[in-house]
Amino acid sequence: MQLTHFDTRGQARMVEVGEKEETRREAVAQGEVVMQPSTLELIAAGGHKKGDVLGVARVAAIMAAKNTAALIPMAHPIMITGVDVEFTIAPPDRVLIQASVRCTGRTGVEMEALTAVSAAALTIYDMCKAVDRGMVLGNIRLLRKSGGKSGTFVRD
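Residues numbered from 1 in each chain as written. Predicted model: local features only at pLDDT ≥ 70, side-chain atom pairs only at ≥ 80, totals over all residues. Heavy atoms only, no water.

Concerning the overall build of the protein chain
Stated precisely, the cut-off is as follows: By the criteria applied, helices consist of DSSP H or I runs no shorter than four residues and strands consist of E runs no shorter than two, each listed in order from the N terminus. Relative accessible area decides the class of each residue, using a 1.4 Å probe on protein chains only: under 20% of the type maximum gives buried, over 50% gives exposed, and in between gives partly exposed. Here a residue-residue contact requires only that any non-hydrogen atoms of the pair lie within 4.5 Å. For the area figures, the Shrake-Rupley method with a 1.4 Å probe applies, and any residue is considered shielded solely by the protein chains shown. Charged-residue counts in this description rest on Lys and Arg as positive and Asp and Glu as negative, His and the chain ends being excluded. Charged side chains are reduced to one point each, which is NZ for Lys, CZ for Arg, CG for Asp and CD for Glu.
What the protein chain contains, in helices and strands, is 4 helices and 5 strands. Mapped in sequence order, the helices and strands of the protein chain form the string β-α-α-α-β-β-α-β-β. For the C-alpha atoms alone, the extent of the protein chain along its principal axes is close to 50 × 30 × 30 Å. In the protein chain, which comprises 156 residues, the share counted as buried stands at 42%. Partitioning the intrachain contacts of the protein chain with sequence separation of at least 6 by distance along the chain shows that 69% fall at a separation of at least 24. For the protein chain, the accessible area works out to roughly 9,000 Å², and carbon and sulfur atoms hold 55% of it. Positive and negative charge centroids in the protein chain, built from 19 and 17 side chains respectively, lie 3 Å apart.

Here we look at helix α2 (residues 53–66)
Selection criterion: Under the convention used throughout, the expected extent of a helix is 1.5 Å for every residue step, that is, one less than its residue count. The directions from the helix axis to the C-beta atoms are what the arc is built from.
Taking 1.5 Å of rise per residue, the 14 residues of α2 would be expected to cover 20 Å, and the 20 Å separating its terminal C-alpha atoms lies within 8% of that figure. Listing the buried residues of α2 in full gives V53, L54, A57, A60, A61, A64 and A65. Buried residues of α2 fall within an arc of 130° about the axis and therefore sit on the same side. Summarising the contacts, the buried residues of α2 are in contact with α1 (37–45), α3 (68–71), β2 (80–90), β3 (94–105) and α4 (110–128).

Overview of the nonpolar core
A general feature of soluble globular proteins is that nonpolar side chains tend to end up buried together. Definition in use: We define a nonpolar core as any set of buried Ala, Val, Leu, Ile, Met, Phe, Trp, Tyr and Cys residues linked to one another through side-chain atoms lying within 4.5 Å.
The biggest cluster of nonpolar side chains holds 33 residues, and the ones touching the most others in it are M35, F87, V95, I97 and I124. With 9 residues, α4 is the single largest residue contributor to this core. In contact with F87, other than residues within four places in its own chain, are L54, A57, R58, V95, L96, I97, A120 and I124.

Some remarks on the sheet that holds strand β5 (residues 153–154)
Under the convention used in this document: Two strands are said to pair when DSSP picks up at least two bridges between them. Between the N-to-C directions of two axes lies an angle of 0 to 180 degrees, each axis being a line fitted to C-alpha atoms and, for a helix, fitted only over the stretch in contact.
Strand order in this open sheet of 5 strands is β2-β3-β1-β4-β5, and the pairing throughout is antiparallel. In this open sheet, the two edge strands, each paired with only one partner strand, are β2 and β5. Along the sheet, α2 makes contact with β2 and β3, crossing β2 at roughly 145°. Contacting β1 (23–34), β2, β3 and β4 (136–146), α4 crosses the sheet at an angle of about 150° to β3.

Digging into the pattern of salt bridges
Defined as follows: The term salt bridge refers to a pairing of a side-chain nitrogen on Lys or Arg with a carboxyl oxygen on Asp or Glu at a separation within 4 Å.
This model, assessed by the stated rule, comprises 5 salt bridges. Of the charged contacts in the structure, one is a salt bridge between E22 and R106, with a shortest N-O distance of 3.8 Å. Of this pair, E22 sits in the segment before β1 while R106 sits in the loop between β3 and α4; the two residues are 84 residues apart in sequence, bridging distant segments of the chain. Among the residues examined, R106 registers a relative accessible area of 36% and is labelled partly exposed.

Let's talk about the side chain of E32
Under the convention used in this document: As used in this structure description, the phrase polar contact means that two N or O atoms lie within 3.5 Å; if the pair is within protein, one of them must be able to donate a hydrogen and the other to accept it, and residues adjacent in sequence are counted only when both atoms belong to side chains.
Looking at where E32 falls in the secondary structure, it is placed in strand β1. There is a polar contact of 3.1 Å between the side chain of E32 and the side chain of R94. Once residues within four sequence positions are removed from consideration, E32 is found in contact with R94, V95, L96, V136, L137, G138 and N139.

Fair warning: the whole summary comes from geometry, so function is off the table for now.
The following block contains the structure:
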């Protein structure tokens, strides 16, 4: 197995995708923010003085997916056709984040889905840090992806 973002001399490069076939592609990523139960209750009740924490985090996730190429050096700019972001309040102490990103193109949207989840988690932290600086962001992972030459991946 060879890492594709390095040339034969070991130098970083952007992978050439011009010869690839355009296909329908989708990636789904997930992550979580673990917090004090009182912080979760505040988010769930919509009682945070800064406003709708999950609503703002959803917008941040969508914006991050759309701007992934500006954040990840070797990511291609992709014409995304759709982004869905779901939050699950998981008592007693966590918010689960799931992002689904779709496109029709020559390269996948795994990085866009992972970036969306990461931005949502960071936004939750930013909006709630005044009441809970001990929050932990993590377990960010690709759940599944489809389309392209490498086919379908589904996490066990």
